[in-house]
Amino acid sequence: MSRGVLSSDWAPSFAAVPRAGFLPDLIWPWDMKTGQSVPVSRADDPEAWYGYADSDVPVVTQWDDGKHTGNDPGSVSTSSASMPSVVFRMLADLDVKPGNRVLEIGTGTGWNAALLAHRLGAENVVSVELDSSVAAEARTALNLFGLPVCVVTRDGLQGYREGAPYDRIIATCGLRSIPHAWVEQSRAGGIIVAPWGTHYSNGDAVARLVVADGGESASGLFTGPVEFMKARTQRQPLVPHAEYVSGSVADGDESSSTVTEEQLLGGRFSVEDFVVGLCVRDCVRVTADRDEGTRAVWFYGLTDRSWACAQFRDNAATRVWQSGRRRLWDDVQTGLEWWTAQGRPAIERFGLTVDTAGEHVWLGEPDNPVPGGAAA
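Read on for an overview of the structure. Note that this is a predicted model, so its numbers are computed, not measured.

## Notes on the overall build of the protein chain
And then number 1: Within the protein chain, the secondary structure is distributed over ten helices and 20 strands.
And then number 2: The C-alpha radius of gyration of the protein chain comes to 22 Å, within 12% of the 21 Å expected for a compact globule of 376 residues.
And then number 3: In terms of overall dimensions, the protein chain has C-alpha extents of about 65 × 55 × 35 Å along its principal axes.
And then number 4: Considering the protein chain as a whole, with its 376 residues, one finds that 53% of them fall into the buried category.
And then number 5: Taking contacts inside the protein chain between residues at least 6 apart in sequence as the whole, the part at least 24 apart equals 58%.
And then number 6: Of the roughly 16500 Å² that the protein chain leaves accessible, carbon and sulfur atoms contribute 49%.

## Thoughts on helix 9 (residues 271-279)
And then number 1: With nine of nine residues buried, helix 9 lies mostly within the body of the structure.
And then number 2: For helix 9, the set of buried residues is Val-271, Glu-272, Asp-273, Phe-274, Val-275, Val-276, Gly-277, Leu-278 and Cys-279.

## Some points on helix 2 (residues 46-53)
Given 3.6 residues to a turn, an α-helix orients residues that are three or four positions apart in the same direction.
And then number 1: Among all positions in helix 2, only Trp-49, Tyr-52 and Ala-53 are buried. In an axial view of helix 2, the angular spread of the buried residues amounts to 105°, which keeps them on one side of the axis.
And then number 2: Where the residues of helix 2 are buried, they touch strand 1 (26-31), strand 3 (40-41) and strand 4 (59-63).

## What to know about the pairing of strand 7 (residues 125-129)
And then number 1: For strand 7, a buried count of five out of five residues is recorded, marking the element as mostly surrounded by other parts of the structure.
And then number 2: Because side chains alternate across strand 7, one face comprises the buried residues Val-125, Ser-127 and Glu-129, and the other comprises Val-126 and Val-128, equally buried.
And then number 3: Bridging between strand 6 (residues 102-105) and strand 7 involves four bridges; their strand directions are parallel. Note that in strand 7 the partner of Ile-105 across the bridge is Val-128.
And then number 4: Pairing of strand 7 with strand 8 (residues 150-153) involves four bridges; the strand directions are parallel. Looking at the pairing, Val-126 lines up with Cys-150 of strand 8.
And then number 5: The handedness of the strand 7 to strand 8 crossover, carried by helix 5 (residues 132-144), is right-handed.

## Topic: the pairing of strand 12 (residues 218-226)
And then number 1: Bridge analysis of strand 11 (residues 204-211) against strand 12 gives five bridges, and the strand direction is antiparallel. What sits directly across from Ala-207, in strand 12, is Phe-222.
And then number 2: The antiparallel hairpin formed by strand 11 and strand 12 contains six residues in its connecting segment, where Gly-214 sits at a positive phi of about 95°.
And then number 3: Across four bridges, strand 12 lies against strand 18 (residues 350-355) in antiparallel orientation. Paired with Ser-219 across the bridge in strand 18 is Thr-353.

## Re the packing of helix 3 (residues 84-94) against helix 4 (residues 111-120)
And then number 1: Across the interface, helix 3 lies against helix 4 with an axial gap of 12 Å and an inter-helix angle of 45°. Classed by the angle they form, the pair helix 3 and helix 4 counts as oblique. The handedness of the crossing between helix 3 and helix 4 is right-handed. Of helix 4, the residues touching helix 3 (which contributes Pro-84, Val-87, Leu-91 and Leu-94) are Trp-111, Asn-112, Leu-115 and Leu-116.
And then number 2: When grouped by side-chain class, the residues that make up the contact of helix 3 with helix 4 number seven nonpolar, one polar and no charged.

Conventions we followed
Residues numbered from 1 in each chain as written. Predicted model: local features only at pLDDT ≥ 70, side-chain atom pairs only at ≥ 80, totals over all residues. Heavy atoms only, no water. Helix = DSSP H or I, 4+ residues; strand = E, 2+ residues; numbered from the N terminus. Rg over C-alpha atoms; globule rule 2.2 N^0.38 Å. Buried < 20%, exposed > 50% of the residue type's maximum accessible area, 1.4 Å probe, protein only. Contact = heavy atoms within 4.5 Å. Areas by Shrake-Rupley, 256 points an atom, 1.4 Å probe, with all protein chains shown as cover. Arc of directions from axis to C-beta. Pairing = 2+ DSSP bridges. Right-handed = clockwise from strand over helix to strand, strands pointing away. Axes fitted to C-alpha atoms, helices over the stretch in contact; angles between N-to-C directions. Parallel < 35°, antiparallel > 145°, perpendicular 65-115°, else oblique. Left-handed = near helix turned anticlockwise from the far one by under 90°. Nonpolar A, V, L, I, M, F, W, Y, C, P; charged D, E, K, R; others polar.

Function cannot be inferred from these measures alone, as they are strictly geometric.
If you want it as structure tokens, here you go:
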């Protein structure tokens, strides 16, 4: 298995427990042509339903923490079945061995737990799910496949000490902080695989951490970009614009910049987003739609009411306004300059350490910290 290509050791499990067996009758797969989630009912259109179930696309199975009703997509997707290629990649990173005990954070449909259980035995897999209705449906599906995984309904950020120690821990939700409890509940040499990122954007990168002897720390490189639904208690905070900017943007200090829209945004899964998020912690970026050749990008501080706005216009210099204790645009620009000076390294060159003092992001080696890349 390499970068989403199924390997021979996992092929029997994927054949025995297909994703379709863990999906509800009504699903909202991501349609690549339209770029949006579309409702598909197994009862109304079984051919389309099975087509999407077998395709390499993410499939939403719950909206708005279960409060959503009807067939149309809801406001916020809150449970899903990941793209099979992403599941392949993360299981490859987990590198399970016969006899390993695995803790999964975020049961979802139960498909990932089923794959692990088929490979290792259901008695060696514990899965934790915060949503009781999601957990119940996953238990039912797992039992139908003869894979009675222990599915625990609780906050997975606490882990599950009752079943520790674990040889492997895998999270199927995006995180903004990896709990030290997972390190404590792992064996020395154990592996933690989790999508991790910052509040700067919705993107994540898969962290593959190896637990050190003594169980006080875990450290390792990122293996590539992904995007997952966030753990409920770590979702991006709301940023009410009016609480930051009470008047107009002109109330901020104005300047100009040579940074272009392409240099800042980069595109989906861009290294630029990832790096700026590392360098400018506790900051949310909001990107407006382009309008007549102009795009505004806003930055909001989460520790105070500092803000910045960069206005990109075709064939014109970038205009910037910023206000507050933190000069957010200056920090963003400094982060981009630092990345360029390092040779524009890819996401896979960065790494993460989790210890009793918090989280530390580094480039190349743990003793080379990223400027601003630490969080308590």
